[in-house]
Amino acid sequence: MSFFFSFGTFAFLLIVGSSRAADVHHRGPSSSSSSSSSSPIRMIVDTDIGPWPDDNGAFSILHSFADQGLVDLLAIVSNNRYEGAVAVIDAMNSYFNRSTIPIGITHDPHAWHRSGVIGWPEWLLAHLPHRPHFRSNEQAEEAVSLYRRTLAAEADHSVTLLSIGYMTNLANLLHSKGDHHSPLNGRQLLIAKVKHMFAMAGWYPAGNETNLIDQPAASQATLPHWPTPLTLVGFEAGEKITCGMNLIDPATNRSLHQFSPVAKAFELYNRVIGEPDGCFDELAAYVAVKGTRPLYELQRGQIVVYPNGNNSWIDDHLHGPQQYVKQVVPNQAILDVLNPLLER
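Bear in mind that the values here come from a model prediction, so they are computed numbers and not experimental data.

Moving on, we get to the nonpolar core. Looking at soluble globular proteins, one finds that nonpolar side chains tend to be buried together. Formed by 71 residues in total, the largest nonpolar core has its most connected members in M43, W120 and L162. Leave out the neighbours within four places in its chain, and W120 touches I49, G50, N56, V88, M92, P261, K264, A265 and L268. Counting 33 residues, the second-largest nonpolar core is a separate cluster that includes L173, L174, L223 and Y324.

So, in structure tokens, the structure goes:
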């Protein structure tokens, strides 16, 4: 993605609110995958679904892997509380024939609450079916409750978490108290049940990225204190990779798949913003299931998050409890594995 915008485009993006234009300046133990084993990865997804096409791309990748028997989606929670977020998640799951996945949403009054500028959530709800009992977000389970209920029912060290949005739910989960689902507090429950967390968050080795700076208190309360193995995918990893362009007719800038919500998200982004999006959440979804090799090497150390949400990194090659990905192959090699998973 280019760092340069015309004044008109920049002014438009400032008017409509939080945008990928802002994201250009904000976003920026060895990772293993159990996808080669006979048992699928058991995963909970935490998403800010709606503002950008990369969440939708990540959904396509995860459902594609689920079709292959590589991942079992235990629950999906929204860290974005705009009205309709639950119905959007449900409509996407229904499109991929997985309408029974439990859905939760943050009830935190300080959580992010915007659907974005490209109009994709509105298009989706107008064109794809969703369950009528999800006419409002309040009809879905509260996110931390769903997290705790789901984790408590799983075997120890068996669950993979994928964060593709803000840290609000994870901060509240980490600091939750024991309840009727489990006597363990949040930190204890995570240590007991989570095998690994993957997160699209930050810019490495230092910078500012939307998922952290838009909810800085939650970011600072979460990632530096995360108690399980953690792999981070930064803004810089996807900034120059424009996945999803295989879904768009270059002559018309329209979707090649008329009724695909994934293709429509990329189409609307290109038409509204005027240039392709980078590839962010899609990368995190891919490595959470398939692992990092041979596309990436890992830089071990510890994230530092500042009060404004900016981040830096302390290298610790021997004892670092966390790691971020560093690309070691050409961009096209990554597109070659991602783009086919988006054709849904």
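For the structure shown, the criterion picks out nine aromatic pairs. Taking the centre distance of 4.8 Å and the plane angle of 15 degrees together, the rings of Y204 and Y324 count as stacked. One end of the pair, Y204, is in the loop between β6 (194-200) and α9 (210-213); the other, Y324, is in strand β12 (residues 322-327), with 120 residues separating them in the sequence. Taken individually, Y204 and Y324 each receive the classification buried, so the pair is uniform in this respect. Note on W313 and Y324: the rings are 5.0 Å apart at their centroids and 90 degrees apart in plane angle, and the pair reads as edge-to-face. Note that W313 is positioned in strand β11 (residues 311-315) and Y324 in strand β12, a separation of eleven residues in sequence. As far as the burial class goes, W313 and Y324 line up, both buried. In this structure an aromatic cluster arises from ring pairing among W203, F235 and F280.

Reading across from one edge, β4-β3-β2-β1-β5-β6-β7-β12-β10-β11 is the order of the ten strands in this open sheet, with mixed pairing throughout. Strands with a single pairing partner mark the edges of an open sheet, and in this sheet they are β4 (141-142) and β11. Across three bridges, strand β2 (residues 71-78) lies against strand β3 (residues 103-105) in parallel orientation. Each bridged residue has a counterpart across the sheet, and for S78 the counterpart in β3 is I105. Packed onto the sheet, helix α8 (residues 186-193) meets β5 (159-164) and β6 and runs at close to 105 degrees relative to β6.

The next point concerns unusual backbone geometry. Residue P205 is reached from Y204 by a cis peptide bond, and omega for that bond is 10 degrees. For P205, the position within the fold is in the loop between β6 and α9. At the junction of R293 and P294, the peptide bond is cis and its omega measures out at 5 degrees in the coordinates. Position of P294 relative to the elements: it lies in the loop between α13 (281-290) and β10 (296-305). Backbone geometry places N97, a non-glycine residue, at a positive phi of 65 degrees. Along the chain, N97 turns up in the loop between α4 (85-95) and β3. Overall, N97 belongs to the exposed group, its relative accessible area being 72%. The phi dihedral of H157 falls on the positive side, at around 55 degrees, and the residue is not glycine. Within the element layout of this structure, H157 appears in the loop between α6 (143-152) and β5.

Rules behind the numbers
Residues numbered from 1 in each chain as written. Predicted model: local features only at pLDDT ≥ 70, side-chain atom pairs only at ≥ 80, totals over all residues. Heavy atoms only, no water. Core = buried A, V, L, I, M, F, W, Y, C linked by side-chain atoms within 4.5 Å. Buried < 20%, exposed > 50% of the residue type's maximum accessible area, 1.4 Å probe, protein only. Contact = heavy atoms within 4.5 Å. Phe/Tyr/Trp six-rings, centres within 6.5 Å; stacked < 30°, edge-to-face > 60°. Helix = DSSP H or I, 4+ residues; strand = E, 2+ residues; numbered from the N terminus. Pairing = 2+ DSSP bridges. Axes fitted to C-alpha atoms, helices over the stretch in contact; angles between N-to-C directions.

That's the geometry; what it means functionally is another story.
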